[in-house]
Structure formats: structure tokens, C-alpha cells
Amino acid sequence: MEYLLIFISAIFVNNIVLSQFLGICPFLGVSKKISTAAGMGIAVTFVLVISVLVTYALQMWVLNPLGLEYLQTILFILVIAGLVQMLETILKKVSPSLYQALGIFLPLITTNCCILGVSILVANGTYNAQGLEPSLLSGVFYALATAIGFAVALIVFAGIREQLDTVRIPKPMQGMSIALVTAGLLAMAFMGFSGVDHGIAQALGH
């Protein structure tokens with residue numbers, strides 16, 4: 001049940017983009033089409049889950065035992081960069097169209113603060129474990145749920161932006177202006193889920 005609460009919290013209550021404002025660059029840059037947004041969501045999910053696995057192992061078995069915690073950020077960025085490079089190579093061979101659609105935003109996953117932020121939270125055990133003791137299993141599940149939450153927000157936002165292309169918008173509000181207003185309204189909509197996880201936990205006697 002705790003894992004269900006982590007899942008609900010990471011996707012709806014504490015959405016990494018709309019509540020914690022991490023990963024804003026790809027959220028705004030790759031949300032013009034649903035297909036591209038879905039591709040980015042899948043890419044981020046893959047990189048985030050693998051990054052958490054690798055960085056957690058490095059933190060527990062290399063940095064902490066050797067007293068090298070101050071190298072955490074640099075080392076994590078290098079790991080994420082390597083994973084993104086691997087994903088870029090795979091996409092280039094398997095799906096050239098998606099590779100072209102993602103364009104410059106695929107390499108930008110390297111500096112996506114969503115991935116780096118979640119990796120650091122899991123490695124430090126400071127993420128919201130919903131009553132569970134921080135561990136690799138709960139950390140990976142949290143990373144997966146966070147990535148799904150990122151993808152959900154991205155796809156919903158892309159769907160809204162596609163609909164906006166079919167209506168007349170005042171010239172001063174066109175482009176990024178209306179996108180930012182829409183993102184703000186979407187964030188307010190997700191605020192409506194606040195407390196849902198606690199309500200479920202209380203109803204189930206947790």
C-alpha cells in the first residue's frame with residue numbers, strides 16, 4: 001500500500017514539474033506535439049530509472065565508504081551524460097524519426113534537473129517514501145513514478161497546446177506567453193490533488 005501512495009504522490013500530488021518545478025526546459029520545449037512529448041516522456045523514464053540505479057550504487061558503495069560525498073553532483077552528471085549518449089545512439093538506429101523530432105532536447109536530458117534532482121534525493125534518502133524506510137527498491141519505484149508523472153504532465157500540456165493552435169489567440173499572447181499561462185493553470189489544476197495521498201492513507205488505516 002505504501003508503494004501505491006508513493007505512486008499517487010509522485011504523479012499527482014508532488015508532480016516533479018508542476019509542483020517542484022524541475023525539468024521546466026523540456027516541459028516547455030518539447031510540448032508542441034503529443035507524439036514528441038510522449039517520446040520525451042519515454043526517454044526521460046528510461047534515463048531516470050537507470051540513473052537512479054547507478055547513482056545509488058555509486059553513492060552507497062563508492063562515495064560514502066571513501067568519504068567522497070562532495071563529488072556527488074559531478075559524478076552523477078557524468079553518469080547521466082553517459083546514459084543519455086547511450087540512449088541517443090539507440091534511438092538513432094531504432095527510431096530515426098523520433099530522434100529527429102526530439103532534436104536538441106535529447107542531449108539536453110543530460111542537464112535536466114529533474115533527473116539529477118531525483119537521483120540526488122534517492123541517493124541521500126530524502127525523497128517522500130510515504131512511511132517506508134528509504135531503500136533502493138522504494139527509490140527506484142519513486143523514480144519510476146516521478147518519470148511517469150513527468151510524462152503525464154508533458155503529454156497533457158502538449159495536448160492543450162495542440163488545441164490552442166486551432167483557436168484565435170491575441171497576438172501579444174501567442175507563442176511562449178500563452179504556453180506559460182497554460183502551464184500555470186495546469187499547475188493550479190494539479191494542486192487540486194493535494195492531500196489525496198493522505199486521505200487514501202487515512203481511509204485505509206495507515
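Residues numbered from 1 in each chain as written. Predicted model: local features only at pLDDT ≥ 70, side-chain atom pairs only at ≥ 80, totals over all residues. Heavy atoms only, no water.

**A word on the overall build of the chain**
Phase 1: Tallying secondary structure elements over the chain gives nine helices and zero strands in all.
Phase 2: Looking at the chain as a whole, 43% of its 206 residues qualify as buried.
Phase 3: Across the chain, contacts joining residues at least 24 apart in sequence account for 77% of those joining residues at least 6 apart.
Phase 4: Just so you have it, the chain exposes about 10300 Å², and 70% of that area is on carbon and sulfur atoms. (Helix = DSSP H or I, 4+ residues; strand = E, 2+ residues; numbered from the N terminus. Buried < 20%, exposed > 50% of the residue type's maximum accessible area, 1.4 Å probe, protein only. Contact = heavy atoms within 4.5 Å. Areas by Shrake-Rupley, 256 points an atom, 1.4 Å probe, with all protein chains shown as cover.)

**Re the environment of threonine 182**
Phase 1: Relative to the assigned elements, threonine 182 resides in helix α8 (residues 176–190).
Phase 2: Apart from the residues within four sequence positions on either side, threonine 182 is in contact with Phe157, Ile160 and Leu164.

**Here we look at the layout of surface pockets**
Phase 1: Approximately 190 Å³ is the volume attributed to the largest pocket.
Phase 2: Lys32, Arg161, Leu164, Asp165, Val167, Ile169, Gln174, Gly175, Ile178 and Ala179 are the residues that line the largest pocket.
Phase 3: Elements with a contribution of two residues or more to the lining of the largest pocket: α7 (136–164) and α8.
Phase 4: Classifying every residue of the lining of the largest pocket gives five nonpolar, two polar and three charged. (1 Å grid on protein atoms, 1.4 Å probe; cavity = no way out; pocket = protein on both sides within 12 Å on 5 of 7 lines; lining within 4 Å. Points joined across faces, edges and corners; volume = space filled by probe spheres on them. Nonpolar A, V, L, I, M, F, W, Y, C, P; charged D, E, K, R; others polar.)

**So, the packing of aromatic side chains**
Phase 1: Tallied over the full model, the rule gives three aromatic pairs.
Phase 2: Measuring from centroid to centroid gives 6.1 Å for phenylalanine 7 and phenylalanine 141, while their planes differ by 50°, and the two rings are tilted. Note that phenylalanine 7 is positioned in helix α1 (residues 2–13) and phenylalanine 141 in helix α7, a separation of 134 residues in sequence.
Phase 3: Here phenylalanine 141 falls in the partly exposed class, since its relative accessible area comes to 26%. (Phe/Tyr/Trp six-rings, centres within 6.5 Å; stacked < 30°, edge-to-face > 60°.)

**Here's the deal with a nonpolar patch on the surface**
Phase 1: A surface patch of nonpolar side chains, amounting to about 500 Å² of accessible area, comprises Met173, Val181, Leu185, Met188 and Met191.
Phase 2: Here leucine 185 shows up in helix α8. (Patch = residues over 30% accessible without salt bridge, like charges linked within 9 Å, V, L, I, M, F, W, Y side chains within 5 Å. Salt bridge = Lys/Arg side-chain N within 4 Å of Asp/Glu carboxyl O.)

**Thoughts on the packing of helix α3 (residues 34–66) against α7**
Phase 1: Packing of α3 against α7 brings their axes to within 9 Å, and their N-to-C directions diverge by 165°. In terms of axis orientation, α3 runs roughly antiparallel to α7. As α3 packs across α7, the resulting crossing turns out to be right-handed.
Phase 2: The class makeup of the residues in the contact of α3 with α7 is 21 nonpolar, five polar and one charged. (Axes fitted to C-alpha atoms, helices over the stretch in contact; angles between N-to-C directions. Parallel < 35°, antiparallel > 145°, perpendicular 65-115°, else oblique. Left-handed = near helix turned anticlockwise from the far one by under 90°.)

**Here we look at the nonpolar core**
Soluble globular proteins: nonpolar side chains tend toward being buried together.
Phase 1: Counting residues in each nonpolar core, the largest one holds 51 residues, and the members touching the most others are Leu18, Phe27, Met40, Val47, Ile109, Val118 and Phe150.
Phase 2: Among the elements of the structure, α1, α2 (24–29), α3, α4 (72–94), α5 (96–102), α6 (113–124), α7 and α8 are those that each provide at least two residues to this core.
Phase 3: In contact with isoleucine 109, other than residues within four places in its own chain, are Met40, Ala43, Val44, Val47, Ile80, Val84 and Ile115. (Core = buried A, V, L, I, M, F, W, Y, C linked by side-chain atoms within 4.5 Å.)

**Regarding the side chain of threonine 45**
Phase 1: Among the structural elements, threonine 45 can be located in helix α3.
Phase 2: With relative accessibility at 19%, the residue threonine 45 sits in the buried group.
Phase 3: Once you skip the residues sitting within four places of it in the chain, threonine 45 turns out to touch Leu144, Ala147 and Ile148.

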